[in-house]
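Letter by letter, the chains look like this.
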Amino acid sequence: MIAKVRKAVFPAAGLGTRFLPATKAMPKEMLPLVDKPLIQYGVEECIHSGVQNIIIVTGRGKSAIEDHFDVSFELENLLATRNKKELLQQVRDISGMIDVSYVRQKEALGLGHAVLRAKELVGKEPFAVILSDDVIDSEVPCLRQLIDVYEFYGASVVALMEVPKEFISAYGVVDAEPVDHNGSKNRLYRIRNMVEKPKPEDAPSNLAIIGRYVLTPEVFTSIEAVEPGKGGEIQLTDGLKHLLRSRPVYGYKFEGTRFDAGDKLGFLKATVEFALKRHDLGNEFREYLRHLKL
Ligand code: G1P
């Protein structure tokens, strides 16, 4: 029997330096895409993938995230007395949908280090990792696509995307061989090696790791075993590379569009695309864009 993925870890203790000054006093996870904070997109992706147990790894200055997923009596009361039923439902849904717990990462020592903070809360079961900077628009939630692969092979799976060479140094990059899966050979890969943020000339391929992972619990021991890597930080990629010594790790080229919402340009693109898709805003916004002198 392959254990079910019930928990998702959200590393959210980073300083958000790519988005200063907006992130000086506000967590980057709370930047709104249209009207929903980034982290809520990730949380909803979990819910739609059947994962309801959310573990958020926070740090100093991140209390707005905790407040966001908490019950706000004052706000609910106000909306109820004003008879704003739809808004009230939306606000209630946020806190009602998930079972959320928090763990502190006292120092920002890297993504691997952040994931390791969740070891006790995860326990000995498979779990997801979601980087909320990576917002993915897809028919089947990206995490669900990875869980389907996990449930088939019982092994760790990371999300992959092809990235042009000039941008490859911003990612973890894999050396991998294609595997037949569901009658096609162009989505699933068995990973041979991986490297965090290589120079373009050292990149083993154009397949980059995107911020969605389904991991088996042995990864914690692997992260504990690695030394600080790129940038002097404990890297999740290095932990996964260590895991490869004893377990298979797969990569899945997911179906969907990914936005790097932790980057200003990526954030703008995501805002426009998501606003255009909205029933309540899309038409007027499209009209507005049409009339811009570009
Ligand atoms: C992290 C990971 C990297 C991955 C990327 C995806 O890097 O370390 O392997 O490719 O997320 O977004 P970061 O963007 O946090 O520097």
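The model shown is predicted, which means the values in this text are computed figures rather than measured ones.

(A) Just the overall build of the chain, in detail. Tallying secondary structure elements over the chain gives eleven helices and 13 strands in all. Over its C-alpha trace the chain gives a radius of gyration of 19 Å, about what one expects of a compact globule, namely 19 Å for 294 residues. Viewed in the frame of its principal axes, the chain has a C-alpha envelope of about 60 × 50 × 40 Å. Taken across its 294 residues, the chain has 48% of its residues classed as buried. In the chain, the proportion of contacts linking residues at least 24 apart, taken out of those at least 6 apart, comes to 77%. Between the centroid of the 40 positive side chains of the chain and the centroid of its 41 negative side chains there is a distance of 2 Å.

(B) Structural view of the site of the ligand. Inspection of the region around the ligand gives Leu111, Leu131, Asp134, Tyr171, Gly172, Glu196, Lys197, Ile209, Gly211, Gln235, Thr237 and Arg258 as its neighbouring residues. In the environment of the ligand, an oxygen atom lies 2.8 Å from a nitrogen or oxygen atom belonging to the side chain of Asp134. Contact with the protein chains covers 77% of the free accessible surface of the ligand, which is 380 Å². Among the residues making up the shell around the ligand, the classes are represented as four nonpolar, four polar and four charged.

(C) Examining the state of the cysteines more closely. For the coordinates displayed, the defined rule picks out zero disulfides. The thiol of Cys142 is unpaired, and the distance to the nearest cysteine sulfur, on Cys46, comes to 11 Å.

(D) Up close: the environment of Ser205. In this fold, Ser205 is placed in the loop between β10 (184–196) and β11 (207–215). Overall, Ser205 belongs to the partly exposed group, its relative accessible area being 23%. Residues Ser205 and Lys165 lie 40 residues apart in sequence; the distance between their C-alpha atoms is 8.7 Å. Apart from residues no more than four positions distant in its own chain, Ser205 is found in contact with Ile168, Val173 and Val174.

(E) Local environment of the pairing of strand β8 (residues 156–162). Counted residue by residue, β8 has five buried out of seven residues, so it is predominantly covered. Of the strand pairs in this sheet, β8 and strand β12 (residues 249–253) are connected by five bridges, and their pairing is parallel. Looking across to β12, one finds that Ser156 is bridged to Val249. Pairing of β8 with β11, which is carried by six bridges, proceeds in the antiparallel orientation.

(F) Local environment of the packing of aromatic side chains. Scanning all chains against the criterion turns up seven aromatic pairs. Summarising the aromatic geometry, the rings of Phe127 and Phe220 are spaced 5.0 Å apart at their centres and angled 5 degrees between planes, so their arrangement reads as stacked. Note that Phe127 is positioned in strand β6 (residues 127–130) and Phe220 in helix α8 (residues 219–225), a separation of 93 residues in sequence. Neither residue differs from the other here; Phe127 and Phe220 are each classed as buried. The positively charged end of Lys36 is found above the aromatic ring belonging to Tyr41, 4.6 Å away from the centroid.

(G) Representation of the pairing of strand β4 (residues 53–58) within the structure. Along β4, six of the six residues are buried, which leaves the element largely enclosed by surrounding structure. The side-chain alternation of β4 yields two buried faces, one formed by Asn53, Ile55 and Val57 and the other by Ile54, Ile56 and Thr58. Relative to β4, strand β1 (residues 7–11) is paired through five bridges, and the arrangement is parallel. In the sheet register, Lys7 faces β4, and the bridge partner there is Asn53. Strand direction decides the pairing type here: β4 and strand β5 (residues 99–104), joined by six bridges, are parallel. Across the sheet, residue Asn53 finds its bridge partner in β5, namely Asp99.

The rules we used
- Residues numbered from 1 in each chain as written.
- Predicted model: local features only at pLDDT ≥ 70, side-chain atom pairs only at ≥ 80, totals over all residues.
- Heavy atoms only, no water.
- Helix = DSSP H or I, 4+ residues; strand = E, 2+ residues; numbered from the N terminus.
- Rg over C-alpha atoms; globule rule 2.2 N^0.38 Å.
- Buried < 20%, exposed > 50% of the residue type's maximum accessible area, 1.4 Å probe, protein only.
- Contact = heavy atoms within 4.5 Å.
- Lys, Arg positive; Asp, Glu negative; His and termini not counted.
- Charge placed at Lys NZ, Arg CZ, Asp CG, Glu CD.
- Near = heavy atom within 4 Å.
- Polar contact = N/O pair within 3.5 Å; in protein donor to acceptor, adjacent residues only side chain to side chain.
- Areas by Shrake-Rupley, 256 points an atom, 1.4 Å probe, with all protein chains shown as cover.
- Nonpolar A, V, L, I, M, F, W, Y, C, P; charged D, E, K, R; others polar.
- Disulfide = S-S within 2.5 Å.
- Pairing = 2+ DSSP bridges.
- Phe/Tyr/Trp six-rings, centres within 6.5 Å; stacked < 30°, edge-to-face > 60°.
- Lys NZ or Arg CZ within 6 Å of the ring centre and 35° of its normal.

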